[in-house]
Amino acid sequence: IEVKRIIATRQEYNTICQMRDTDRHVLVQTRISFLWKKQSFAIHTYRQPVDNVCILYAQVNSNHDNERGDSTPPLPEFLQVERKLTNSEEDRKLGSYFISLKNEK
């Protein structure tokens, strides 16, 4: 859930700045959402603190298997997908939680 609110005064801004997590960078990303062949996709492109990390999210109906017998949706031809992300240690480091860390452990 994303929460947005307008900060009305400088005092509120200063209060919020004091509560920030100083162990993390501010993430800057671009998100593009689209429908293709009745399938929902979202592309998250990170700009800061890393550059050129793009992750494609696809909403998958688990009741529908493709011709390969898995639930991987057909991908649009206009996208160049390098690989499918798994739950491996390396792939978990591509998530916002790890990208935002200032001192990678």
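Higher on the page you've got the structure.
Residues numbered from 1 in each chain as written. Predicted model: local features only at pLDDT ≥ 70, side-chain atom pairs only at ≥ 80, totals over all residues. Heavy atoms only, no water.

**Side note on the environment of tyrosine 46**
Mapped onto the secondary structure, tyrosine 46 falls in strand 2 (residues 39-48). A relative accessible area of 1% places tyrosine 46 in the buried class. For the pair formed by tyrosine 46 and glutamine 29, sequence separation is 17 residues and the distance between their alpha carbons is 4.2 Å. Contacts of tyrosine 46, omitting those with residues within four sequence positions, involve Leu27, Val28, Gln29, Asp51, Asn52, Val53, Ile55, Leu94, Gly95, Ser96 and Ile99. (Helix = DSSP H or I, 4+ residues; strand = E, 2+ residues; numbered from the N terminus. Buried < 20%, exposed > 50% of the residue type's maximum accessible area, 1.4 Å probe, protein only. Contact = heavy atoms within 4.5 Å.)

**Re the pattern of salt bridges**
Tallying each qualifying case throughout the model produces four salt bridges. For aspartate 21, the salt bridge goes to arginine 24, with nearest N and O atoms at 3.4 Å. Judged by its relative accessible area of 42%, aspartate 21 falls in the partly exposed class. Across the salt bridge formed by glutamate 89 and arginine 92, the nearest N and O atoms sit 2.8 Å from each other. Of this pair, glutamate 89 and arginine 92 both sit in helix 2 (residues 89-92), three residues apart, which is roughly one turn of that helix. What makes arginine 92 partly exposed here is its relative accessible area of 35%. Among the charged side chains, a salt-bridge network with shared partners connects Arg83, Glu90 and Asp91. (Salt bridge = Lys/Arg side-chain N within 4 Å of Asp/Glu carboxyl O.)

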